[in-house]
Every structure is written in C-alpha cells, then in structure tokens.
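Examination of the molecular architecture
So the chains spell out like this:
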Amino acid sequence: MLRPEALALLAAACWAVAALFSAPAAQRLGAFAFSRWRMLFAALLLWGIALASGGWHSLDAAAFGLLAVSGLIGIFIGDTALFACMNRLGPRRSGVLFAIHALFSAVLAWLFLGETLWGWALVGASLLVGGVMLAILRGRREDESHAWEQTRGTLAVGVALGLLAALCQSVATLMLKPLMASGIDAIAGSAMRMSTAFAAHALLWASGWRMARAREPLRWREAAQVFGSAVIAMAVGMTLILQAMKLGQAGVVAILSSVTPIVVLPLLWLVYRRRPAWGAWAGAVLAVAGTALILGR
C-alpha cells in the first residue's frame, strides 16, 4: 500500500494531465455542460467498479448523507467554478488560484481537526506552497501570446470563481476525513459524491436555465476529451485523494495535492513548444525540496 503522501502526489499528477485536454473541451461546451458530461462519465465508471468489487457494501445511510453534501460542495459547485475560472483566465492563472486550497485546507484542518505541522514538515509545506505560487505567477514568458493566457470577461469574476473553487475543494475533502477514517471504500465514496453532483447538474439543466445549456453540440472529439478527463481526474484522481484522506493527515494531503500546477508546466511546454520562464524552474525546485522534506518527516 502506498503512503498517503504518495497517493496525494499521484492525484495531483492525474489532475495535471487531465487539465491539459480539459481546457479545449470546457471552452467549447461551457463550464456547466462540460462538468455535467464529465460527472456522468465518472459516475458510471465508478459505480461499475464499486458494484463489481463489492465496495458499495461499505456505505450506510449516514455515509450517503455526508458524501452527498461533500459532492454538492466540492464537485457540483467547486468543479464547475474551477472550469468557469479556467474559461476566463486559462489553465495557468486558474491553477494558482486553485492551489490556494492548500492554505485553506491547512487552516481548516488546524481549526476543526486539530492537525498541526511543525519542524521540517512545516518548512517543507511552506517551500512547496511558495514554489507552486512562484512557478505559476512567474511561469509565463513576457512574449507569451497563447490563447490560454488571455482574459475573457471580467478579471475579478475569474478570480472570485477560482477562490470559490479552492474553498469548496478544501471544505468538501476535509469534511470527509472522519468518514474515510471509519473505513468506507474510497471508490464507492467517490461514486456517491459524483452521482450527487451529476444529479444537481441534471436538475439545473432540466430547469431550462440558459447557462446550463451547452454552447456547442458535443462532438466525438469533445466526448473523448471529456471521457479522458473524467477517468483520469475524477475516477482516479479523486479516489486517490479519498484514499489518502483515509490513511494520512488531511492538511498534509491537501498541501501535497496542490503541486498540480508544477506538473502542468512541463505539459504546457509540450503544447506551447516553448521553454518555461525562470520562475517556473525556480518554483519547481522549491516545490520538489518542500515535498522531500514533507516525505522525510
């Protein structure tokens, strides 16, 4: 069994890979339609695995309620807000806003779970968070003109959406810590959270609200991108996070999972065909050093 810290890092890598091909589909379909399709694909896959493995037996009435609330906060609201932010600010800037969930999680874990970081672990967490922020804030070259670097709509709205996504991620995952520690199956838990979020999206779509409609019809290309994002980010990534929460310290898991933007940078390099700026390299070095201190604590 992998350590919870390793599970959190793997989840961050999953989110980074998924973000690369999520952006084009989210831009074309719109945040609500993209999230709705992604949640449907992820829920079907997760329930299939939970039914086949018998993991669904670990769920009871109390677990259903808490998982449903967590799904509404973290996935229905948080995930949708994140992609709405990405559509406005692009993957890089939305990444720095979402990475703030590590700070939110550390504070909330201290306030409500009594978790604290001391010594070299605290130094490592500070280096990691600082490295992530530096890599994203200074990771853009001065002459970069890619479409993902442009601001669409009001900047303040994009920033607010990114901060909302970060806060929802923190609250939704930390509230599950006691439940996951009780031993419920992580895949079944993810399936329940995903189903609740999809049901909320489906109701919103059925209401006829204009924003919930897709901007463009779903084509095979976007369907493949959405399905890939659902498998990697939601079915695998979120299940890894729940498993990490079950085994490890919630604040540490949240901080380590915030390295997603560091992993995104070399992937964006593949898209841009241009070497990242000095800030990206410096931030990556700090993040790696911080991760090493946390893992070695």
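Read on for an overview of the structure.

So, how was this worked out
For every chain, the first residue of the written sequence is number 1, and numbering continues from 1 along that sequence. Local features in a predicted model are, by the rule used here, given only for residues with pLDDT of at least 70; side-chain atom pairs are given and counted only at 80 or more, and totals for whole chains, interfaces and linings are based on all residues. Excluded from the side-chain calculation are hydrogens and water; included are all heavy atoms of the structure. Axis angles are defined between N-to-C directions and span 0 to 180 degrees, where every axis is a line fitted to C-alpha atoms and, for a helix, only to the segment in contact. In this text, helices come from DSSP runs of H or I with a minimum length of four residues, and strands from runs of E with a minimum of two, each type numbered from the N-terminal end. Working definition: roughly parallel below 35 degrees, roughly antiparallel above 145 degrees, roughly perpendicular at 65 to 115 degrees, and oblique for all remaining angles. Crossings are assigned a handedness: left-handed for a near helix turned anticlockwise from the far helix by less than a right angle, right-handed for a clockwise turn. Any two residues having at least one pair of non-hydrogen atoms within 4.5 Å are treated as being in contact. Polar here means any residue other than Ala, Val, Leu, Ile, Met, Phe, Trp, Tyr, Cys and Pro, which are nonpolar, and Asp, Glu, Lys and Arg, which are charged; Gly is therefore polar. In plain words, nonpolar cores are sets of buried Ala, Val, Leu, Ile, Met, Phe, Trp, Tyr and Cys residues tied together by side-chain atoms within 4.5 Å. Relative accessibility under 20% of the residue-type maximum defines a buried residue, over 50% an exposed one, and the middle range a partly exposed one, all with a 1.4 Å probe and only protein chains included. Within this analysis, patches are made of residues with over 30% relative accessible area and no salt bridge. Like charges are joined at 9 Å or less; nonpolar side chains (Val, Leu, Ile, Met, Phe, Trp, Tyr) at 5 Å or less. Only the protein chains shown count as cover for residues, and the accessible areas themselves come from Shrake-Rupley with a 1.4 Å probe. Salt bridges are defined as contacts in which a side-chain nitrogen from Lys or Arg sits within 4 Å of a carboxyl oxygen from Asp or Glu. Pairing of aromatic rings covers Phe, Tyr and Trp, the last counted by its six-membered ring, and requires centre-to-centre distances within 6.5 Å; plane angles under 30 degrees mean stacked, over 60 mean edge-to-face, and any other angle means tilted. The definition of a polar contact used here is a pair of N or O atoms within 3.5 Å, where within protein one atom must be able to donate a hydrogen and the other to accept one, and adjacent residues in sequence count solely through side-chain atom pairs.

1. Regarding the packing of helix α2 (residues 31-53) against helix α9 (residues 220-247)
The description of two helices packed together rests on the angle between their axes and the distance between the axes. α9 packs onto α2 with a crossing angle of 60° between their chain directions and a minimal axis gap of 8 Å. It follows that α2 is oblique to α9 by the angle criterion. Our pair here, α2 against α9, has a crossing hand that is right-handed. Across the interface between the two elements, F34, W37, R38, M39, F41, A42, L45 and L46 from α2 touch A223, V226, F227, S229, A230, V231, A233, M234, A235 and T239 from α9. Residue composition of the contact of α2 with α9, grouped by class: 15 nonpolar, 2 polar and 1 charged.

2. Structural notes on the nonpolar core
Inside soluble globular proteins, nonpolar side chains tend to come together where they are buried. Counting 86 residues, the largest nonpolar core has L67, M194, M234 and I255 as the members making the most contacts within it. Considering every element that reaches this core, the biggest residue donor is helix α3 (residues 61-98), with 15 residues. If we ignore the near neighbours within four places in the chain, the residues touching I255 are A102, A106, L117, A125, L128, V129 and I294.

3. Let's talk about a nonpolar patch on the surface
On the surface, V107, W110, L111, F112 and L113 cluster together to form a nonpolar patch covering roughly 550 Å² of accessible area. By secondary structure assignment, the location of L113 is in the loop between α4 (101-112) and α5 (119-137). Given a relative accessible area of 31%, L113 falls into the partly exposed group.

4. Describing the packing of aromatic side chains
Under the counting rule described, the total for this entry stands at 4 aromatic pairs. Aromatic side chains F32 and W209 sit 5.1 Å apart centroid to centroid with 85° between the ring planes, which places their arrangement in the edge-to-face category. Placement of F32 in helix α2 and of W209 in the loop between α8 (186-206) and α9 is noted, with a sequence separation of 177 residues between them. Residue classification places F32 among the buried positions, given a relative accessible area of 18%. Ring centres of F34 and F83 lie 4.7 Å apart, and the angle between their planes is 55°; this geometry places the pair in the tilted category. With a gap of 49 residues between them, F34 in helix α2 and F83 in helix α3 connect regions that are remote in the sequence. Like F34, the residue F83 is buried in the burial classification. An aromatic cluster is built from W37, F41 and F227, whose rings are joined through pairwise contacts.

5. Concerning the environment of L45
Looking at where L45 falls in the secondary structure, it is placed in helix α2. You can call L45 partly exposed: its relative accessible area is 29%. It is 22 Å that separates the C-alpha atoms of L45 and L179, two residues lying 134 residues apart in sequence. In this view, L45 contacts V231 and A235; residues no more than four positions away in its chain are not counted.

6. Things to note about the side chain of T196
Take T196: it is sitting in helix α8. For T196, a relative accessible area of 13% translates into the label buried. Looking at T196, its side chain comes within polar contact range of the main-chain oxygen of M192, at 3.0 Å. Contacts of T196, omitting those with residues within four sequence positions, involve A68 and L72.

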